[in-house]
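If you want the building blocks of each chain, they are given just below.
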Amino acid sequence: MTTSMLLFFQMILRVILTVILLCIATCHSLEKGDGFQVFRVLPTTNQQLLQMIRLFETADTDRADFWHAPSVVNGTVDIMVAPEHTGQFQKYLEKHGYTYQIAIQDLRTLLIEKEGNISTHSTDDAFFMKRLHDDVGFHSRLRMGEYYSYSVLSTWLQRIAENMPDIAKLIKVGTTIEGREILGLKFGKDTPDKKVVVIDAGIHAREWAAIHTASYFINLVIFDQSSLLENKINFQIVNSREGDPQIQNYLDNIVLYIIPVLNPDGYEYTRTDKTNPRARMWRKSRSPKACAFDGVRNSCCMGVDLNRNFDFRFSEIGASRYPCSEIYHGPSAFSEPESKAYSQFLASLKGRLEAYITLHSYSQLWIYSYSHRKFTYAPDIDETRRVAAKAVQELGRMYGTKYRHGTGPEIIYAFSGGSTDWAKETLKIKYSYTIELRPGYEEWNGFVLDKNQLIPTAKETWAGVTVVLDEVTNQWKSSKNRESELSRIRQEKCSDRLSGCAYWLQSSPNICRISQSTMIRDCAKTCDLCHMIAV
Ligand SMILES: [Zn+2]
């Protein structure tokens, strides 16, 4: 071999090596989730809006993951795009004349910056588990402003139920597709006449702020009650912290369920690689792959959007039939074990369930029914709206955070198959609300909330939620008062109008039942019908 040939081969080898190294670097950075971008698009014509809605309902998650659904002309839409599709997406926007900007240049960098310092690592989980195990008494409160794994949250719920059996009971809503138990707590002594309020979060996996908020609510209740218990046990009456009368009032008068993570499989998936948008921004459940032909190719993906899987106008609007879409509604209503079990749980409370609140993020909205079509309301809309307006006002009083209230299509977009609409229609719940937490619609960091906003978000949301809890509590109390007043009046009025009552009853023992209305009038006392006297 000549020297020139040798040099030539060496050069070829070097080129091949460089290409391989470059490929490894690129593939690795793609795997880590570098290069995800969020586009802020402004549809300025009706045609552009319709085109965006079509994309929203058909696009694969990687090609266009809508953080916001398109709703109105000149309303911005935030769309996350995977690195391998950003160039193509930009060309598409330019070809159709959209006004747009790249709101987030590299989402992974933002995730590291905003959430990197939040304690979410498994070592922290291990410490926490150890602490939970070694804790004596009732100290098992979670440090707020952090995110925890589902196993930590589950253990925490179990520990609360074990340590405070008079205050909290563990409830098992059902089992997920990957075999996790959906757990929650039930607060307040249950009696059949009490009204029930259910609060949940985390039906959408990536909405961590919602899960944190629900956990904060649990912490709030147990902090209050555990202080009281500790005081009772240690006789620390002097200088002891008094219980919060508001929380005590709720526990005395209503039954409150809190389920902090409805979609634990999805939530755990978002934690597998917290700085990789492909994992962290997962929204759906983790049901097995399903496939559909979209006119170009047969695409197969995992997961169902559980908040499109409820049996309310299933698949009609704001939902997708393509499994690779973020808003895939599943093969049929309640096809998923999570939504099916949850609907059965809610249905088991029918007649007593007065308020149902589901926490989501983001946009700062207080949404009520119905959301599938504009100007479609339940008959009690005035009451629903009145309480929502009051809640939003109360929420804003804390830090000035501005919320809007209305039905889906009035303030965000139309969608069907959601849990609150199903609950409203099927279970006739008076107050059925979807709350979209911080940040606001116009903020560009969306699901990635600053750590220092977590506690304020939870606090102000609690302030809004207490408006609903107060309504339910006060209405129940006033109906109780009314009942006891009525029963007092009835007792006063209760007497026999005629003197032959005892004789009639003796000679015909069924007379009170057979001639009830006459006997209420004439022999209420002898027939023991005082409770039926009209007042
Ligand atoms: Zn959501």
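Residues numbered from 1 in each chain as written. Predicted model: local features only at pLDDT ≥ 70, side-chain atom pairs only at ≥ 80, totals over all residues. Heavy atoms only, no water.

1. Some words on the pattern of salt bridges
Thinking step 1. Tallying each qualifying case throughout the model produces 30 salt bridges.
Thinking step 2. The partner of aspartate 62 in a salt bridge is arginine 278, and the shortest N-O contact between them spans 2.8 Å. Residue aspartate 62 is located in the loop between helix 2 (46-58) and strand 2 (65-66), and its partner arginine 278 is located in helix 10 (residues 277-280); the two are separated by 216 residues in the primary sequence.
Thinking step 3. The exposure class of aspartate 62 is partly exposed, given its relative accessible area of 27%.
Thinking step 4. The partly exposed category is assigned to arginine 278, whose relative accessible area is 29%.
Thinking step 5. The partner of arginine 352 in a salt bridge is aspartate 190, with the nearest N and O atoms 2.6 Å apart. Here arginine 352, found in the loop between helix 11 (337-347) and strand 11 (353-363), pairs with aspartate 190, found in the loop between strand 6 (181-187) and strand 7 (195-201); they are 162 residues apart in sequence, far enough to count as distant.
Thinking step 6. One salt-bridge network, in which partners are shared between bridges, spans Asp60, Arg63, Asp294 and Arg297. (Salt bridge = Lys/Arg side-chain N within 4 Å of Asp/Glu carboxyl O. Helix = DSSP H or I, 4+ residues; strand = E, 2+ residues; numbered from the N terminus. Buried < 20%, exposed > 50% of the residue type's maximum accessible area, 1.4 Å probe, protein only.)

2. Structural notes on the sheet that holds strand 2
Thinking step 1. Taken in spatial order, the four strands line up as 2-3-1-4 in an open sheet, and their pairing is antiparallel. Of all the strands in the sheet, just strand 2 and strand 4 (99-104) have a single pairing partner and so form its edges.
Thinking step 2. Pairing between strand 1 (residues 37-42) and strand 4: five bridges, direction antiparallel. The residue of strand 4 that forms the bridge with valine 41 is tyrosine 100.
Thinking step 3. Here helix 3 (residues 86-95) sits on the sheet in contact with strand 1, strand 3 (77-81) and strand 4, set at roughly 10° to strand 1. (Pairing = 2+ DSSP bridges. Contact = heavy atoms within 4.5 Å. Axes fitted to C-alpha atoms, helices over the stretch in contact; angles between N-to-C directions.)

3. Side note on unusual backbone geometry
Thinking step 1. Tyrosine 362 follows serine 361 through a cis peptide bond whose omega is 5°.
Thinking step 2. In this structure, tyrosine 362 sits in strand 11.
Thinking step 3. Cis geometry is adopted by the peptide bond preceding proline 439, which originates at arginine 438 and carries an omega value of -5°.
Thinking step 4. On the secondary structure map, proline 439 appears in strand 14 (residues 431-440).
Thinking step 5. In this structure, glutamine 364 takes a positive phi of about 60° despite not being glycine.

4. Section: the state of the cysteines
Thinking step 1. Applying the stated rule across the entire model yields five disulfides.
Thinking step 2. The disulfide partner of cysteine 301 is cysteine 324, and the S-S distance across this bridge is 2.1 Å. Taking the sign of the S-S torsion, 95° for the link of cysteine 301 and cysteine 324, the bridge is right-handed. Here cysteine 301, found in strand 10 (residues 298-301), pairs with cysteine 324, found in the loop between strand 10 and helix 11; they are 23 residues apart in sequence, far enough to count as distant.
Thinking step 3. You can call cysteine 301 partly exposed: its relative accessible area is 22%.
Thinking step 4. Shown here for the protein is a disulfide pattern of 1-2, 3-4, 5-10, 6-8, 7-9, where each number marks a bonded cysteine counted in sequence order. (Disulfide = S-S within 2.5 Å.)

5. Quick notes on the coordination of the zinc ion
Thinking step 1. For the zinc ion, the full set of protein donor atoms is His204 (ND1), Glu207 (OE), Glu207 (OE) and His360 (ND1), at a range of 2.1 to 2.4 Å.
Thinking step 2. Viewed at the metal, the four donor atoms of the zinc ion are separated by angles of 57 to 147°, and the geometry they form is irregular.
Thinking step 3. The motif formed by the donor residues of the zinc ion, counted along the single chain, is H-x2-E-x152-H. Of the two residues, glutamate 207 sits in the loop between strand 7 and helix 7 (208-234) while histidine 360 sits in strand 11, which places them 153 residues apart along the sequence. (Donors = N, O, S within 2.8 Å, 3.2 Å for Na, K, Ca; no water. Tetrahedral: all angles 85-135°; square planar, octahedral: opposite > 155°, others 65-115°.)

6. Observations concerning the pairing of strand 5 (residues 168-175)
Thinking step 1. The pairing of strand 5 with strand 6 spans seven bridges and is classified as antiparallel. Counterpart to glycine 174 in the pairing with strand 6 is isoleucine 182.
Thinking step 2. Hairpin connection from strand 5 to strand 6: five residues lie between these consecutive antiparallel strands, with glycine 179 at a positive phi of about 90°.

7. Re the pairing of strand 12 (residues 365-368)
Thinking step 1. The alternating pattern of strand 12 places Leu365 and Ile367 on one face and Trp366 and Tyr368 on the opposite face, and all of these are buried.
Thinking step 2. When strand 12 meets strand 13 (residues 404-407), the two strands line up parallel, connected through four bridges. Bridging across to strand 13, tryptophan 366 finds its partner in histidine 405.
Thinking step 3. Handedness of the β-α-β unit built from strand 12, helix 12 (residues 381-399) and strand 13 comes out right-handed. (Right-handed = clockwise from strand over helix to strand, strands pointing away.)

8. Regarding the layout of surface pockets
Thinking step 1. There is about 460 Å³ of room inside the largest pocket.
Thinking step 2. In terms of lining residues, the largest pocket is bounded by 16 residues, among which Leu55, Thr58, Ala59, Arg63 and Arg297 are the most central.
Thinking step 3. Elements with a minimum of two residues in the lining of the largest pocket: helix 2 and helix 3.
Thinking step 4. In terms of residue count, the dominant contributor to the lining of the largest pocket is helix 2 (four residues).
Thinking step 5. Here the residues of the lining of the largest pocket sort into seven nonpolar, four polar and five charged.
Thinking step 6. Both of domain 1 (37-106) and domain 2 (129-228 + 242-477) provide at least three residues apiece to the lining of the largest pocket. (1 Å grid on protein atoms, 1.4 Å probe; cavity = no way out; pocket = protein on both sides within 12 Å on 5 of 7 lines; lining within 4 Å. Points joined across faces, edges and corners; volume = space filled by probe spheres on them. Nonpolar A, V, L, I, M, F, W, Y, C, P; charged D, E, K, R; others polar. Domains from an automatic or database assignment.)

9. A short note on the packing of aromatic side chains
Thinking step 1. This structure, assessed with the given rule, holds 23 aromatic pairs.
Thinking step 2. Taken together, a centroid distance of 4.8 Å and an interplanar angle of 65° make the contact between tyrosine 147 and tryptophan 208 edge-to-face. With tyrosine 147 in the loop between helix 5 (122-134) and helix 6 (150-163) and tryptophan 208 in helix 7, the pair connects residues that are 61 residues apart, well separated along the chain. Across the pair, tryptophan 208 and tyrosine 147 agree in class, each one buried.
Thinking step 3. Ring plane angle 20° and centroid distance 6.4 Å describe the contact between tyrosine 431 and tyrosine 433, whose orientation is recorded as stacked. Tyrosine 433 matches tyrosine 431 in its accessibility class, with the two residues each being buried.
Thinking step 4. Among the aromatic side chains, those forming a connected cluster through ring pairs are Phe39, Phe89, Tyr92 and Tyr100.
Thinking step 5. Directly above the aromatic system of tyrosine 377 lies the positively charged group of arginine 385, at a separation of 5.2 Å from the ring centroid. (Phe/Tyr/Trp six-rings, centres within 6.5 Å; stacked < 30°, edge-to-face > 60°. Lys NZ or Arg CZ within 6 Å of the ring centre and 35° of its normal.)

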